[in-house]
Amino acid sequence: MSGRLTGRLIALGVTGSIAAYKAVELLRLLQDEGAETVVLMTPSATSFVGPLTFEALSRRTVERDVLALLPDGRIGHIVVADSADAIVVAPATAHWLAAMANGLAGDAVTAACLATSAPVVVAPAMDGEMYAHPATRANVARLREAFGYTVIDPESGPLASGQVGIGRLAALPAIVDAVVAVLAGRPVRSPEPATRPPLVPRTALPDLDGRRLVVTAGGTAEPIDPVRFIGNRSTGRMGVAIAEAALDRGARVTLIAGLVSVPLPERARVIRAESTAAMRSALLETLVGPDGRSGFDALVMAAAVADFRPAHPVGTKIARGSALTLELEPTPDLLAEIGRLARGLDGAGRPLEPAPVLVGFAAETGSLDRVPGKLRAKGLDLLVANDVTEPGSGFGTETNRVTVYAPDAPPEPWPLLTKREVADRLLDRIARRLDERDTAHRPPLTVVAQETRP
Ligand code: CTP
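Quick caveat: nothing in here was measured; it's all calculated off a predicted structure.

## Comments concerning the domain arrangement of the protein
Inference 1: Parsing the protein into structural domains produces domain 1 (9–195) and domain 2 (212–313 + 326–440).
Inference 2: When each unit is reduced to the centre of its C-alpha atoms, the spacing between domain 1 and domain 2 is 40 Å.

## Comments concerning the site of the ligand
Inference 1: Around the ligand sit 17 residues, and of these Met301, Ala303, Phe361, Arg370 and Lys374 come closest.
Inference 2: A distance of 2.7 Å separates an oxygen atom of the ligand from a polar atom in the backbone of Ala303.
Inference 3: Note that a nitrogen atom of the ligand is positioned 2.9 Å from one of the backbone N or O atoms of Pro332.
Inference 4: A total of 570 Å² of accessible area belongs to the ligand in isolation, and the protein chains cover 80% of it.

## Things to note about unusual backbone geometry
Inference 1: In this model, Ala90 is joined to Pro91 through a cis peptide bond whose omega is -5 degrees.
Inference 2: Inspection of the secondary structure puts Pro91 in strand E3 (residues 86–92).
Inference 3: Looking along the chain, the bond that leaves Glu353 and enters Pro354 is cis, with omega of -10 degrees.
Inference 4: Along the chain, the position of Pro354 falls in the loop between helix H12 (334–342) and strand E16 (357–364).

## Observations regarding the packing of aromatic side chains
Inference 1: Taken as a whole and judged by the stated rule, the model has one aromatic pair.
Inference 2: Taken together, a centroid distance of 5.4 Å and an interplanar angle of 70 degrees make the contact between Phe147 and Tyr149 edge-to-face.
Inference 3: Judged by its relative accessible area of 12%, Tyr149 falls in the buried class.

## As for the confidence of the model for the protein
The predicted coordinates ought not to be read in detail in places where the model reports low pLDDT.
Inference 1: On average, the protein scores 91 in pLDDT, and the residues at 70 or more come to 95%.
Inference 2: Below pLDDT 50 for its whole length, residues 444–454 participates in 38 contacts with residues either more than four positions away or in separate chains.

## Comments concerning the pattern of salt bridges
Oppositely charged side chains can form a pair if their charged atoms are brought close together.
Inference 1: For the structure shown, the criterion picks out 32 salt bridges.
Inference 2: A salt bridge links Arg4 to Glu33; the shortest N-O distance between them is 3.1 Å. With Arg4 in the segment before strand E1 (9–14) and Glu33 in the loop between helix H1 (20–32) and strand E2 (36–41), this residue pair connects regions lying 29 residues apart in the sequence.
Inference 3: Classification of Arg4 as partly exposed rests on a relative accessible area of 38%.
Inference 4: Residue classification places Glu33 among the buried residues on the basis of a relative accessible area of 10%.
Inference 5: For Asp225, the salt bridge is made with Arg228, and the minimal N-O distance between the two is 2.5 Å.
Inference 6: Look at Arg228 and you get partly exposed, because its relative accessible area is 34%.
Inference 7: Connected via shared salt-bridge partners are Arg28, Arg211, Arg212, Asp297, Asp435, Arg437 and Asp438.

## Observations concerning the side chain of Thr235
Inference 1: Among the structural elements, Thr235 can be located in the loop between strand E10 (229–230) and helix H10 (237–248).
Inference 2: What makes Thr235 buried here is its relative accessible area of 14%.
Inference 3: Polar side-chain contacts of Thr235 include one of 3.2 Å to the backbone nitrogen of Arg237.
Inference 4: When near neighbours in sequence (up to four residues on either side) are disregarded, Thr235 contacts Gly218, Val260, Ser261, Val262 and Gly396.

## Thoughts on a nonpolar patch on the surface
Inference 1: A contiguous nonpolar patch, built from Phe308, Leu324, Leu326 and Leu328 and spanning about 380 Å² of accessible area, is present on the exposed surface.
Inference 2: As for its position among the elements, Phe308 is in strand E14 (residues 308–310).
Inference 3: Overall, Phe308 belongs to the partly exposed group, its relative accessible area being 47%.

Cut-offs used in this document
- Residues numbered from 1 in each chain as written.
- Predicted model: local features only at pLDDT ≥ 70, side-chain atom pairs only at ≥ 80, totals over all residues.
- Heavy atoms only, no water.
- Domains from an automatic or database assignment.
- Near = heavy atom within 4 Å.
- Polar contact = N/O pair within 3.5 Å; in protein donor to acceptor, adjacent residues only side chain to side chain.
- Areas by Shrake-Rupley, 256 points an atom, 1.4 Å probe, with all protein chains shown as cover.
- Helix = DSSP H or I, 4+ residues; strand = E, 2+ residues; numbered from the N terminus.
- Phe/Tyr/Trp six-rings, centres within 6.5 Å; stacked < 30°, edge-to-face > 60°.
- Buried < 20%, exposed > 50% of the residue type's maximum accessible area, 1.4 Å probe, protein only.
- pLDDT = per-residue confidence, 0-100.
- Contact = heavy atoms within 4.5 Å.
- Salt bridge = Lys/Arg side-chain N within 4 Å of Asp/Glu carboxyl O.
- Patch = residues over 30% accessible without salt bridge, like charges linked within 9 Å, V, L, I, M, F, W, Y side chains within 5 Å.

Structure, rendered in structure tokens:
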């Protein structure tokens, strides 16, 4: 992510081509550039990709009916037209190009383009003969010359018809680059959020439906004797916020709780595990299913697990004396151990299937310099780091200012947020990783482009 669209609202218009499935990835690429997004669809586009997919990813209602009103009575496609910084129509069918060239506002995509003063980028996709037809050529020329739209020519390659020709949707990075280019030099507006199409509350998104999440929360207590222990300042608030947010989004949650001072969600399966050793057993039991496959989709290790414990805890209360020296031994690093187990590096030799998403936390004091090393050493997909000495961050606070590290992206500093907001943003990333994992396992789709009538 390089943030070339940070602060922008990009409207993505999807029309009825089989290349509509590529619009899902395009939406993500636009978001990776920092854009907020809203999606408009023609009726036939909804036969290729369900609006719910776009709704969950954009977190905005998909505009697909020119007559539809927002809950506050405003006209949906007009709000998009007024608030979008750019509209990109991809894929654009021959039929849509013709409707647009003639100003026929029968669908939400055309209507928004007619009503906007924002730049419009169009990426056609269709059969080669259709693209070569004089009617289509004339429509494209009109969009370019009379309307000032940027039209990205389709590429040559195999088409859905079985033929080879010019008609494949242009490469997605080229479409993103074109959107960035049309906005170059235009100041980033700081719009009132209320002028943009409203965000759908995350709780209404079933994007973790049926996913199995294991979350650890709270601090560990390492016994010195039956009365005393070594503990830490963790309250469990961050882990519990993650568990609650995941439950609201449809996940099945196992919450492994150490010492906590906040109520635990009743909807979760709760396992109490106060010491590092107890937490280790609970994790190992939960993470590997009886068939040896992954018993979970993601582990979020928000617990503050001890790094040292008394080497020789005693079974009776230690009486007062003149002095007491405790010998401490290192605890096993649970997250690193699970990372090895998940990747098949623990001696058992077989990686867990399906590959779980592993998320760690790093509570640092003063600097985050050590975090990238921890991400690598523990083999994590995401590492949420914060400086617990910063005001408003760390133990016992309602808020947190974190920086999120991933192996394949630059660190992402988030603003000061409530712990629930941190939880939801983190779950956005986890949901996305899980979707990518599942997509990677699906056989490739070989059909490339197809024209249908809207
Ligand atoms: N963690 C763990 N087992 C431990 C200690 C920590 O699984 N014995 C997990 C924590 O739950 C957290 C992550 O590892 O998700 C980071 O812990 P942290 O203490 O910051 O990292 P360490 O590797 O212990 O490094 P250091 O003590 O040097 O900061």
